[in-house]
Amino acid sequence: MYPQQIIDALTHVRYPGTGKNLIESGMLEDDIRIQGFEVSFSLIFQKDNDPFLKSVLKASETALKTYIDPNVVAHIHTKFLTQKTKVETGAPDSPLRARHIIAIHSGKGGVGKSTVAANLAVALAQQGQRVGLLDADIHGPSQPKMFHTEDCRPVSVEENGRTLIEPIEQYGVKMLSIGFFVDPESAVVWRGGMASNAIKQLIQDAAWGDLDYFLIDLPPGTSDIHLTLVQTLQLTGAIVVTTPQPIALADARKGVDMFRNEKINVPVLGLIENMAWFTPAELPENKYYIFGRDGGKQLAEELHVPLLGQIPLVQSIREGGDEGMPIAMQKGHPAAAQFEEIARRLTVDN
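Note that the structure is predicted; figures quoted are calculated from it, not measured.

Reading the values: rules and limits
Residues numbered from 1 in each chain as written. Predicted model: local features only at pLDDT ≥ 70, side-chain atom pairs only at ≥ 80, totals over all residues. Heavy atoms only, no water. Helix = DSSP H or I, 4+ residues; strand = E, 2+ residues; numbered from the N terminus. Buried < 20%, exposed > 50% of the residue type's maximum accessible area, 1.4 Å probe, protein only. Contact = heavy atoms within 4.5 Å. Areas by Shrake-Rupley, 256 points an atom, 1.4 Å probe, with all protein chains shown as cover. Lys, Arg positive; Asp, Glu negative; His and termini not counted. Charge placed at Lys NZ, Arg CZ, Asp CG, Glu CD. Pairing = 2+ DSSP bridges. Axes fitted to C-alpha atoms, helices over the stretch in contact; angles between N-to-C directions. Left-handed = near helix turned anticlockwise from the far one by under 90°. Nonpolar A, V, L, I, M, F, W, Y, C, P; charged D, E, K, R; others polar. Salt bridge = Lys/Arg side-chain N within 4 Å of Asp/Glu carboxyl O. Phe/Tyr/Trp six-rings, centres within 6.5 Å; stacked < 30°, edge-to-face > 60°. Lys NZ or Arg CZ within 6 Å of the ring centre and 35° of its normal.

S.K.: Explain the overall build of the protein to me, please; I cannot follow it from the model alone.
M.R.: In terms of regular secondary structure, the protein is built from ten helices and 13 strands. In terms of overall dimensions, the protein has a C-alpha envelope of 75 × 45 × 40 Å along the principal axes. The buried share of the protein, taken over its 350 residues, is 50%. Within the protein, contacts between residues at least 6 apart in sequence are counted, and of these 73% link residues at least 24 apart. Total accessible area on the protein stands at roughly 16800 Å², and carbon and sulfur atoms take up 49% of it. In the protein, 32 positive and 42 negative side-chain charges are present, and the distance between their average locations comes to 5 Å.

Here it is in structure tokens:
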């Protein structure tokens, strides 16, 4: 046997509450184990008193015997969403005690989400806020490079009888990334469950301490990781990053819709339009609208969310990210002022 056979067999089992099969419903946990004709895995239910639990378990066992082999021995475990541990903001016994937890999201890659997250974290720290930054982009972690900490390796510390990961601190920001734990030359090829579990560990098993702002640099798009964070943390809200380009705006619209979905229900604090215009260093007063003009501004108005800022496309922002010195560190720089203003708006509004 191999895992795909298990998945295929469970597509023949429908959850009576929705009429969808177990795979469509996202009820199969990513923990399939196979040994000979014995198989074990977990099914996820909303609550422990689910009225269809026993019938679904029986139907699943029957499906394995019918569509794989009559000799299959199934060990099916159950998990319940209502029992998932939540990190309460401000809880005294939690390694993460943050007044505000904000997700930085983009509908597609390449719009500068990680650059915005890094500079916003630095700008908040420079305004006296205690800031943590989690690089949750498992498959493309970039914060270690942006903070010039690629060679750093977190150590373990003892806190309240627990062994925890100590975040790396740079420019006044506490930070963790999967990039600290994997070979930077190798691709991270993980299934959704493994990636989600890694993110939960970086949140729940790290010595974050008391924070004013905990920023999460999410992977682009929508995935298991987004759902994991919503189920694990009480998010204050989300910030969506886009460029003025129509194709980016279409994905940003989906991102806003995801957070507003009744199953997610996370407030959208605002939208940031990155690469709003190009300004060459030798002509600082000129603006060239390479990706379109005011697309992010118009989308914010249409969706009734605040426009937190418009960030220009300037060479110094790119250089700051590549050199591990976020532009927000450069007091007086026009681009730094943009991030300072966004940080100021966040602290006033929250």
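Resuming the write-up.
S.K.: Honestly, the sheet that holds strand β3 (residues 73–80) in this entry has me stumped. Any pointers?
M.R.: By way of backbone hydrogen bonds, the strands of a sheet pair with one another, either parallel or antiparallel. As summarised here, the arrangement of the three strands in space is β1-β2-β3, forming an open sheet in which the pairing is mixed. Edge positions in the open sheet fall to β1 (33–35) and β3, since each of these has one partner strand only. The average undirected angle you get between the axes of adjacent strands in this sheet is 20°. Two elements, β1 and strand β2 (residues 38–45), share three bridges in a ladder whose sense is antiparallel. Each residue of the ladder has a partner; that of Arg-33, found in β2, is Ser-40.

S.K.: Just checking my understanding: could you explain the packing of helix α7 (residues 246–260) against helix α8 (residues 295–303) for this structure?
M.R.: Packed helices, taken two at a time, are described by the angle between their axes plus the distance between the axes. Packing of α7 against α8 brings their axes to within 11 Å, and their N-to-C directions diverge by 30°. In this structure, α7 crosses over α8, and the sense of that crossing is right-handed. Listed contacts from α8 to Leu-249, Ala-252, Arg-253, Val-256 and Arg-260 of α7 are Gly-295, Gly-296, Leu-299, Glu-302 and Leu-303. Across the contact of α7 with α8, the residue classes tally to five nonpolar, two polar and three charged.

S.K.: Honestly, the packing of helix α1 (residues 3–10) against helix α2 (residues 53–67) in this entry has me stumped. Any pointers?
M.R.: Where α1 contacts α2, the two axes come as close as 9 Å, and the packing angle between them is 120°. Where α1 crosses over α2, the two elements pack in a sense that is right-handed. Contacts between α1 and α2 involve Ile-6, Ala-9 and Leu-10 from the former and Ser-60, Ala-63, Leu-64 and Tyr-67 from the latter. Class assignment for the residues of the contact of α1 with α2 results in six nonpolar, one polar and no charged.

S.K.: Even after reading the chapter, I still don't get the pattern of salt bridges, so can you show me in this structure?
M.R.: Between side chains of opposite charge, a pair can form when the charged atoms approach closely. Here the structure, examined in full by the defined rule, presents twelve salt bridges. Between Lys-79 and Glu-29 there is a salt bridge, with its nearest N and O atoms 3.3 Å apart. With Lys-79 in strand β3 and Glu-29 in the loop between α1 and β1, this residue pair connects regions lying 50 residues apart in the sequence. Exposure remark for Lys-79: the relative accessible area of 35% places this residue in the partly exposed category. Across the pair Asp-210 and Arg-97 runs a salt bridge, and its minimum N-O distance is 2.7 Å. Taken together, the residues span a long stretch of sequence, with Asp-210 in strand β10 (residues 209–217) and Arg-97 in strand β4 (residues 96–106) at a distance of 113 residues.

S.K.: Hey, could you run me through the packing of aromatic side chains in this one?
M.R.: In this description, an aromatic ring pair is defined by two values, namely the gap between the centres and the angle between the planes. One pass over the full model with this rule turns up six aromatic pairs. Plain terms: the ring middles of Tyr-15 and Phe-52 are 5.5 Å apart, the flat faces sit at 85° to each other, and that makes the pair edge-to-face. Taken together, the residues Tyr-15 in the loop between α1 and β1 and Phe-52 in the loop between β2 and α2 connect sequence positions 37 residues apart. What makes Tyr-15 buried here is its relative accessible area of 13%. Geometrically, the ring pair formed by Trp-208 and Phe-214 is edge-to-face, given 4.8 Å between the ring centres and 75° between the ring planes. We classify Trp-208 as buried; its relative accessible area is 0%. Classification of Phe-214 by relative accessible area gives buried; the value is 0%. The ring of Trp-277 has Lys-287 sitting right over it, with the charged end atom 4.0 Å from the ring centre.

S.K.: Would you take a moment to explain the sheet that holds strand β9 (residues 173–177) for this structure?
M.R.: Read from one edge to the other, the open sheet built from eight strands follows the order β8-β9-β5-β10-β4-β11-β12-β13, with strand pairing classed as mixed. The sheet is open, and its two edges are formed by β8 (168–170) and β13 (307–313), each paired on a single side. Averaged over neighbouring strand pairs, the angle between their axes works out to 25° when direction is ignored. Bridge count between strand β5 (residues 131–135) and β10: five bridges; the pairing is parallel.

Shape descriptors only; they carry no functional weight alone.
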